[in-house]
Amino acid sequence: ATGRALDCGAGIGRTTAHLLAPLVAATDMVELCEHFVEQSVQYCASVAPRVGHRYCCALQHFRFEHRYDVVWVQWVLNYLTDAHLVAFLRRARAALTPTGVIVLKENTLVRECDALVNDGGGGGGGGDGDD
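In short, a report on the structure. (Residues numbered from 1 in each chain as written. Predicted model: local features only at pLDDT ≥ 70, side-chain atom pairs only at ≥ 80, totals over all residues. Heavy atoms only, no water.)

1. Structural notes on the pattern of salt bridges
Okay, so step 1: Overall, the coordinates contain one salt bridge when judged by the stated rule.
Okay, so step 2: A salt bridge links Arg 4 to Asp 28; its shortest N-O distance comes to 2.9 Å. You can see Arg 4 sitting in strand 1 (residues 4-8) and its partner Asp 28 sitting in strand 2 (residues 26-31), a full 24 residues away along the chain. (Salt bridge = Lys/Arg side-chain N within 4 Å of Asp/Glu carboxyl O. Helix = DSSP H or I, 4+ residues; strand = E, 2+ residues; numbered from the N terminus.)

See the structure below:
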């Protein structure tokens, strides 16, 4: 394999290990939580030769050091302000190879379904349960 990928919001490395590393020669990871970065060493052990750099920082502060064929951004954009998101995407675009792509994968909550996932007990529905 050739090429380089960047896994943004990498967590412990599930996307790196199971999707990106098998496709490219090197996958870099950027993750804010230091504990997840540490756990990624063990989780990605089976693909260790294909894991490049592990960056522990917020996306709004990340500075691209390489050119990428794939910039994979998953479940992290909602933590950025609009201005930080636009600035990050501009930096990501500038760091792409000529045939590179940016993949954005996010979940959204449809308001009509809020009652189905939020029982008011502080669970992850996004509302306060008093709607």
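2. Concerning the packing of aromatic side chains
Okay, so step 1: Evaluated as defined, the whole model comprises four aromatic pairs.
Okay, so step 2: Aromatic side chains Tyr 55 and Phe 62 sit 5.0 Å apart centroid to centroid with 75° between the ring planes, which places their arrangement in the edge-to-face category.
Okay, so step 3: Ring geometry for Phe 64 and Phe 88: centres 5.8 Å apart, planes at 35°, overall tilted. Within this pair, whereas Phe 64 is found in the loop between strand 3 (51-56) and strand 4 (68-74), its partner Phe 88 is found in helix 3 (residues 82-94), the two being separated by 24 residues in sequence. (Phe/Tyr/Trp six-rings, centres within 6.5 Å; stacked < 30°, edge-to-face > 60°.)

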